[in-house]
Amino acid sequence: MANGERVPIVAALALLLAAAAGRVAARTPDPTLPDLAIRLAAMTAVTGYEQQMIDSLIALVPGAARDRVGNAVVVLGAGSRRRLVVCPVSEPGFIVGHVRPDGWMTLRRAPGRFSPAAERQIEGQRVTVFGGRGAVPGVIGVRSIHLTRGRGGAGEGAFSVDSAYLDIGAGSSAEVARAGVAVLSPLAPAKRPHRYGTDLIAAPMAARRTACATLVLAARRAVAEQGMVPRGESVIVAFVVEQELGGRGLGTLAHARGPFDETVVVDGAPGAAGLLARRPDSLAARWPGLGTVTRWSLGARYPGTYVETTSIAGADSLQHALTAWIGGRR
Amino acid sequence: VSGVRPGWGLVLIPAVLSAQQPTGLNDAERVLQPLVESYGVSGMEGPVRETVQRLLPRSARAQTDTAGNLWLTMGSGEPSVVFVAHLDEIGFKVTAIREDGTLETETMGGFFPSLWEGRPALVHTGGRTVPGVFLPRDTAATASPVTSEPVVRVDVGAANRAGVLAFGIRVGHTVTSPKQYVRLLGTRATGRSFDDRVGSAALVLAARRLESSRLGHTVIFIWSTREEIGLEGARAAAAALGLGPARVHAVDTFVSADSPLERTNFGLAPLGAGPVARALDNSSVTPPAMVDSLVSLARAAGIPLQVGATNGGNDGSAFAGWGVPDVPLGWPLRYSHSPVEVADLRDVAALAELVRVVAERW
């Protein structure tokens, strides 16, 4: 069968291309921390729909691969004493819950921990819907203030996702379908990370994304400098999925790659913008295979909002601390 | 990585449709987009006025009056007919600079400030633009949208009042949020300040197509200032013209109930179904005979025209004291005065054509 005969050639070409891509990635100059933080903050990874961002992280970290649950994982060193460092990528978001005949859509929250404030923020804002044919811009409708004048607010409650209407400019459900948007298409706020002050970055999940950027750069350096990890040790660097949905990504690492002597969770957390905090974490009680768990948090001003703010100076300190930790220094 | 991957921020489908759209829509979009992306809170309309001037034909001799209105007069002789669209947009003004480095603001125009909280901000100093953020506040437990607000504050990343002053920010400067013109599916588009950049675009497009020498009377286009805070620019223009004009056409938004969020008792003008004769609003009632004439004119020209009543005021009403009939021309807009106003380019193009036809034939 002609098609069957081509398969080995195609596979070989694919392997060659993949290998070449790996070498190119390894040789690509490191992006600067501010640039990478902004790039990652501009990405969307709604809980359960993180794989496009994982693709990007795999492309950024030479040697990284996707594991069984969809985490991006790279192993540094080959020793038996194992350490783990992870950064979660997931974020709150929504999915299309229903497509109305007139083209408007109603929503459902993506599962996981979700603050009411985060939910309320989408009212009257632009969103991006990730449909089967690519990203589609849309808006979440809001009442026109002119039409509310003198008409009172009786019967109107607080905004929630249950009162949200998604408008992508379609006039019918058929137009929605032609755009590749359907029930289960994930959506999140349209993201344009915003720099202000001397070194501040504001964006949804800015602190988490900036923390992940520091881990990307630390991992790239460790890959480039063979032998950074002390002899007899190995360090697994992972970008984990579904952190707010039972920690599925991290739990899978504990079970599939553990036991670890030590785990560091790199993330954002409420605090002064860019402040680096290190605290013991109780995750070990849930997954003993993680060993001693410490959370390294990059401080976020206005946490959980669309202008969550962190600082590049703080992130720079985190990157240096991570590089040192991977290299075995405490 | 995602920044350059198709499907991650690149808007494929609307772009494809955009390439296939008729010339009239392309023209409308090429004029509308730069106007929407210019910033001009009431009283600081300079950047928008400059954009209008740049978009007008080179031969146009537009002039700015002491109120900041931009005037373009075409043709000559009686009667004089005025078309007015406003340059300004809603936003905030800095009212105080706190010792902690945050700015206090007040609203300029009517809108739900809660839609701006927790958003990126831009402080317009008249020279440079200083980025910051509107402070978020947990409004989850309050009615929606929030109408009665405490002071909305802005953080520009300064540690104290001196730091704010070092950025060049002073009381009286205006504040907006970053905005972008974005195509939705088909002929729809979204952005902020479509009200009244669509009207401003329609006047520019009409002015491009009119020939002064072929006009049998005087046509005056006015791009007005400070409409959102009380029709101030239009009042100055009306006082300057006095009893002269035979008619004024405010070219402004028709706030439409074309959304599942709205009651449809009135104001239901579907997007894409054409411009709207804004025959009644909170500031004016068009004489019924003039509505009939407008409908006949549009029908004869093959321009779809809706007729309706909505809420809000319009610049044409500022001419009422001089006995000038106001025949407002609108286009349907969803989510008015929000960060995500939505309009249909077919309506924009048809509105421009309606302005041209009214100027030439009525």
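Values in this document were obtained by computation on a predicted structure and should not be read as measured data. (Residues numbered from 1 in each chain as written. Chains lettered and ligands numbered in written order. Predicted model: local features only at pLDDT ≥ 70, side-chain atom pairs only at ≥ 80, totals over all residues. Heavy atoms only, no water.)

A. Here's a closer look at the overall build of chain B. On a plain count of helices and strands, chain B comes out with 8 helices and 19 strands. Relative to the globule expectation of 21 Å for 362 residues, the C-alpha radius of gyration of chain B, 21 Å, shows essentially globular dimensions. If you line up chain B on its principal axes, its C-alpha atoms span 60 × 45 × 45 Å. Here chain B holds 362 residues, and the buried ones make up 60% of them. Within chain B, contacts between residues at least 6 apart in sequence are counted, and of these 76% link residues at least 24 apart. Looking at chain B as shown, the accessible area adds up to about 12700 Å², and 52% of this sits on carbon and sulfur atoms. Side-chain charges of chain B comprise 32 positive and 35 negative groups, with the mean position of each set lying 5 Å from the other. (Helix = DSSP H or I, 4+ residues; strand = E, 2+ residues; numbered from the N terminus. Rg over C-alpha atoms; globule rule 2.2 N^0.38 Å. Buried < 20%, exposed > 50% of the residue type's maximum accessible area, 1.4 Å probe, protein only. Contact = heavy atoms within 4.5 Å. Areas by Shrake-Rupley, 256 points an atom, 1.4 Å probe, with all protein chains shown as cover. Lys, Arg positive; Asp, Glu negative; His and termini not counted. Charge placed at Lys NZ, Arg CZ, Asp CG, Glu CD.)

B. Quick look at the overall build of chain A. For chain A, the count of helices and strands is 9 helices and 16 strands. For chain A, the residues scored as buried account for 57% of the 330 residues in total. Residue pairs in contact within chain A that sit at least 24 positions apart in sequence constitute 76% of those at least 6 positions apart. For chain A, the accessible surface area stands at approximately 13200 Å², while carbon and sulfur atoms represent 56% of it.

C. Spotlight on the interface of chain B and chain A. The interface of chain B with chain A comprises 71 residues on the first partner and 62 residues on the second. In total, about 5500 Å² of surface goes out of reach between chain B and chain A, with carbon and sulfur atoms giving 61% of it. In this assembly, chain B and chain A are joined by 3 salt bridges. Between Arg143 of chain A and Glu262 of chain B there is a salt bridge, with the nearest N and O atoms lying 3.3 Å from each other. Counting every contact that joins chain B to chain A gives 19 residue pairs in polar contact (both at pLDDT 80 or more). Of all the secondary structure elements, the ones that give two or more residues to the side of chain B that touches chain A are α1 (12-19), β6 (120-124), β7 (129-134), β10 (182-183) and β11 (188-191) of chain B. For the side of chain B that touches chain A, the residue count by class is 37 nonpolar, 22 polar and 12 charged. (Buried area = accessible area lost by both parts, 1.4 Å probe. Salt bridge = Lys/Arg side-chain N within 4 Å of Asp/Glu carboxyl O. Polar contact = N/O pair within 3.5 Å; in protein donor to acceptor, adjacent residues only side chain to side chain. Nonpolar A, V, L, I, M, F, W, Y, C, P; charged D, E, K, R; others polar.)

D. Representation of the packing of aromatic side chains. All names here are of chain B. One pass over the structure, following the stated rule, counts 8 aromatic pairs over all chains. Judged by centre distance (5.2 Å) and plane angle (85°), the rings of Phe92 and Phe111 are edge-to-face. Note that Phe92 is positioned in strand β4 (residues 91-97) and Phe111 in the loop between β5 (102-108) and β6, a separation of 19 residues in sequence. Relative accessible area serves as the criterion here: at 1%, Phe92 is assigned to the buried category. Each ring, one from Phe221 and one from Trp223, has its centre 6.2 Å from the other, and the planes form 40°; the classification is tilted. (Phe/Tyr/Trp six-rings, centres within 6.5 Å; stacked < 30°, edge-to-face > 60°.)

E. Structural view of the state of the cysteines. Residue and element names in this part refer to chain A. The tally for this structure, following the rule as stated, stands at 1 disulfide over all chains. In this model, Cys87 is linked to Cys212 through a disulfide, with the two sulfur atoms separated by 2.1 Å. Its S-S torsion of about -95° marks the bond between Cys87 and Cys212 as left-handed, since a negative value means left-handed. Of this pair, Cys87 sits in strand β3 (residues 81-88) while Cys212 sits in helix α6 (residues 206-224), and the two are 125 residues apart along the sequence. Accessibility expressed as a relative area gives 0% for Cys87, which makes it buried. (Disulfide = S-S within 2.5 Å.)

F. Highlighting the sheet that holds β10 of chain B. Residues and elements named next belong to chain B. In space, the 3 strands of this open sheet follow the order β10-β11-β19, with antiparallel pairing throughout. Two strands lie at the open edges of the sheet, namely β10 and β19 (341-344), each paired on one side alone. As judged from the 2 bridges shared by β10 and β11, these two strands associate in the antiparallel manner. Note that in β11 the partner of Arg183 across the bridge is Ala189. The strands touched by helix α8 (residues 345-361) are β10, β11 and β19; relative to β19, the strand with the most contacts, the crossing angle is about 65°. (Pairing = 2+ DSSP bridges. Axes fitted to C-alpha atoms, helices over the stretch in contact; angles between N-to-C directions.)

G. Structural context of helix α7 (residues 288-301) of chain B. Residue and element names in this part refer to chain B. Helix length check: α7, at 14 residues, gives a terminal C-alpha distance of 20 Å against a target of 20 Å (1.5 Å per residue), a fit within 8%. Of the positions making up α7, those classed as buried are Val291, Leu294, Leu297 and Ala298. Seen from one end, α7 has its buried residues packed into an arc of 125°, which puts them on one side. Seen from the open side of α7, the exposed residues pointing more than 90 degrees away from its buried face are Pro288, Ala289, Arg299 and Ala300. Lining the buried residues of α7 we find β15 (276-280), β16 (306-309), β17 (329-330) and α8. (Expected span 1.5 Å × (residues − 1). Arc of directions from axis to C-beta.)

H. Highlighting the pattern of salt bridges. All names here are of chain A. All told, the structure shown has 35 salt bridges over all chains when counted by the stated rule. For Asp267, the salt bridge goes to Arg208, with nearest N and O atoms at 2.9 Å. Placement of Asp267 in strand β13 (residues 262-270) and of Arg208 in helix α6 is noted, with a sequence separation of 59 residues between them. Among the residues examined, Asp267 registers a relative accessible area of 5% and is labelled buried. For Arg208, a relative accessible area of 6% translates into the label buried. Three or more residues are tied together by salt bridges with common partners; here these are Arg208, Glu244, Asp267, Asp281 and Arg295.

I. Quick peek at the environment of Gly180 of chain A. All names here are of chain A. Inspection of the secondary structure puts Gly180 in the loop between α5 (173-178) and β9 (186-189). Separated by 88 residues in the primary sequence, Gly180 and Gly268 have C-alpha atoms spaced 34 Å apart. Excluding anything up to four places from it in sequence, Gly180 contacts Gly131, Gly132, Arg133 and Ser185.

J. Spatial organisation of the sheet that holds strand β10 (residues 194-196) of chain A. Residue and element names in this part refer to chain A. Taken in spatial order, the 3 strands make up an open sheet running β10-β11-β16, and their pairing is antiparallel. Each having just a single partner strand, β10 and β16 (309-311) make up the two edges of the open sheet. The mean angle between the axes of side-by-side strands here comes to 30°, regardless of whether they run parallel or antiparallel. Sheet topology places strand β11 (residues 200-202) next to β16; 3 bridges connect them, and they run antiparallel.

K. Seen up close, a nonpolar patch on the surface. All names here are of chain A. Together, Tyr49, Val183 and Leu184 make up an exposed nonpolar region whose accessible area comes to about 270 Å². Relative to the assigned elements, Tyr49 resides in the loop between α2 (33-41) and α3 (51-60). On the basis of relative accessible area, Tyr49 is assigned to the partly exposed category, the value being 34%. (Patch = residues over 30% accessible without salt bridge, like charges linked within 9 Å, V, L, I, M, F, W, Y side chains within 5 Å.)

L. Region of interest: the packing of α2 of chain A against α3 of chain A. Residues and elements named next belong to chain A. It is at 11 Å that the axes of α2 and α3 come closest, and there the two elements cross at 155°. The pairing of α2 with α3 is recorded here as roughly antiparallel in orientation. Residue-level inspection shows Leu36, Arg39 and Leu40 of α2 in contact with α3, the latter providing Met53, Leu57 and Leu60. Here the contact of α2 with α3 is built from residues that sort into 5 nonpolar, no polar and 1 charged. (Parallel < 35°, antiparallel > 145°, perpendicular 65-115°, else oblique.)

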